[in-house]
Amino acid sequence: MMNTMTTDELTIAIAVPLEAEHVERIRAVDPSITVLYEPELLPPERFPADHSGDPDFKRTPEQEERYWSMLNKAQILYGFPNENPAGLARIAQSNPHLQWIHAMAAGAGGAVKASGLDSETLQKFKVTTSAGVHALPLAEFAALGILNGFKRSAELAQDQAAKVWPELRTPTKLVNGSKLVITGLGEIGLETARIARALGMKVSGTKRNVEEIEGIDEVADNDGLAGLLATADAVVNTLPGTPYTEKLFNHEVFSAMKPGTVFANVGRGTVVDEEALVEALDNGQVSYACLDVFAVEPLPQYSPLWNHPKVMVSPHTSALSAAENRLIAERFISNLRTFLDGGELPHLVDTVHFY
């Protein structure tokens, strides 16, 4: 059973690298809270929002003891300890009054699952994600993928590299009036839909719980996906990696697409059967694929996706922006206000489906 704490005992520990200015903004939320932040115990960031920090960073035994002592004093953690599932598993066992952890990732369910914690332990505290913080940059990247595919940027780059000026002019495809299917009409999916509609696209998509959504022509569940794909000109996946989405995009689903479909993936790589995707690219079912995520990351050197002329490989960085730490801190501050007021925390990790 979760220990309850009064707000005058409420302690927050910053478990991951974070700029001091954002720490001060968290401290300013309420005079009743204590924020523990020891930057010398945290690895330096190599780039903006580098939540894991420099992998070469090592704490001394004394620093390691101080780090875990700090975390064990807190009821609330900003970030998973050491930003990994093992750190989450350890703090869940060592901190009996832990109430809430705010995760840096939007798809933190995978790390919660990988921690190996049983359902009883996971009921003792809440885990919120930073879902939505990354919606705009991911949606912009998906739009880039659609535009690249429709405007033949891969072919143009090949011709430019070879200094070829084709005799026959090949038309590009109009985005305006074309049809887009988005798998996963959550925050990322709806932001993608907003941008797509601004470009004149007609948008349909999938949702676990089918319901009407303003601005979306048709909403279906995964069973209805093939029907939506039959008339789609472009498809964007935003779905997280769960047992229900594992290799959703398989041979059958790619075959349901009409020839020449543009495909972008800003969800999780495990949603796509990469062998089936390569086959679809080779037979023309998919004309172009813009991929930010892969089944195995880093993408193995032997993967045919690296050198495929119709593929753009992005190293799972499309969500990253210089504003990310500020946006996550703002999300946490909003959640903290809700927590202090006794409200329901948004973006909770589902400990059954792990998303």
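Since this is a predicted model, take the numbers as computed values, not measurements.

Participant: What am I meant to see in the UniProt feature "domain: D-isomer specific 2-hydroxyacid dehydrogenase NAD-binding" (unreviewed entry) in the protein chain here?
Facilitator: UniProt tags residues 146–318 as "domain: D-isomer specific 2-hydroxyacid dehydrogenase NAD-binding" (unreviewed entry). Across residues 146–318, helical content stands at 27% and strand content at 17%; the span's end C-alpha atoms are separated by 14 Å.

Participant: Hey, could you run me through the pattern of salt bridges in this one?
Facilitator: Opposite charge on two side chains lets them pair, provided their charged atoms get close. Summed over the entire model, instances satisfying the criterion amount to 15 salt bridges. With a shortest N-O distance of 3.3 Å, Asp 30 and Arg 337 are connected by a salt bridge. Taken together, the positions of Asp 30 in the loop between α1 (20–27) and β2 (34–36) and Arg 337 in helix α12 (residues 324–340) put the pair 307 residues apart, joining distant regions of the chain. The exposure class of Asp 30 is buried, given its relative accessible area of 17%.

Participant: Is there a simple way to think about unusual backbone geometry in this case?
Facilitator: Leaving glycine aside, a negative phi is the common case for residues, and trans is the common case for peptide bonds. For the bond running from Glu 297 to Pro 298, omega is -5°, close enough to zero to count as cis. A positive phi angle is found at Glu 83, which is not glycine, with a value near 50°. Relative to the helices and strands, Glu 83 resides in the loop between β3 (76–78) and α3 (85–94). Despite not being glycine, Lys 163 has its phi angle at roughly 55°, a positive value. Among the structural elements, Lys 163 can be located in the loop between α7 (153–161) and β6 (179–183). What makes Lys 163 exposed here is its relative accessible area of 78%.

Participant: For this particular structure, what's the right way to read the sheet that holds strand β4 (residues 100–102)?
Facilitator: The strands that make up a sheet are held in pairs by hydrogen bonds between backbone atoms, and each pair lies either parallel or antiparallel. Overall, parallel pairing links the five strands, which are arranged β2-β1-β3-β4-β5 in an open sheet. The sheet terminates laterally at β2 and β5 (126–128), the two strands that pair on one side only. Taken over all neighbouring pairs, the strand axes of this sheet differ in orientation by 20° on average, direction set aside. Bridging between strand β1 (residues 11–14) and β3 involves three bridges; their strand directions are parallel. Each bridged residue has a counterpart across the sheet, and for Ile 14 the counterpart in β3 is Tyr 78. Strands β1, β3, β4 and β5 of the sheet are contacted by α12, whose axis makes an angle of about 160° with β4.

Participant: Explanation requested: the packing of α1 against α12 in the structure shown.
Facilitator: The geometry of a pair of packed helices is captured by two quantities: the angle between their axes and the separation between those axes. Following both chains from N to C, one finds α1 and α12 inclined at 10°, their axes separated by 10 Å at the closest point. The orientation of α1 relative to α12 falls into the category roughly parallel. Taken together, the residues of α12 that come into contact with α1 (itself represented by His 22, Arg 25 and Ile 26) are Asn 325, Arg 326, Ala 329, Glu 330, Phe 332, Ile 333 and Leu 336. In the contact of α1 with α12, the residues fall into five nonpolar, two polar and three charged.

Participant: What am I meant to see in the nonpolar core here?
Facilitator: A general trend in soluble globular proteins is that nonpolar side chains are found buried together. Counting 50 residues, the largest nonpolar core has Ile 12, Ile 14, Ile 26, Leu 71, Tyr 78, Phe 125 and Leu 336 as the members making the most contacts within it. Listed by contribution, the elements that provide at least two residues to this core are β1, α1, α2 (61–72), β3, α3, β4 and α12. Listed in part, the 28 residues of the second largest apolar core include Leu 228, Leu 229, Phe 263 and Ala 280.

Reading the values: rules and limits
Residues numbered from 1 in each chain as written. Predicted model: local features only at pLDDT ≥ 70, side-chain atom pairs only at ≥ 80, totals over all residues. Heavy atoms only, no water. UniProt positions renumbered as here; feature names shortened; annotations may be inferred. Helix = DSSP H or I, 4+ residues; strand = E, 2+ residues; numbered from the N terminus. Salt bridge = Lys/Arg side-chain N within 4 Å of Asp/Glu carboxyl O. Buried < 20%, exposed > 50% of the residue type's maximum accessible area, 1.4 Å probe, protein only. Pairing = 2+ DSSP bridges. Axes fitted to C-alpha atoms, helices over the stretch in contact; angles between N-to-C directions. Contact = heavy atoms within 4.5 Å. Parallel < 35°, antiparallel > 145°, perpendicular 65-115°, else oblique. Nonpolar A, V, L, I, M, F, W, Y, C, P; charged D, E, K, R; others polar. Core = buried A, V, L, I, M, F, W, Y, C linked by side-chain atoms within 4.5 Å.

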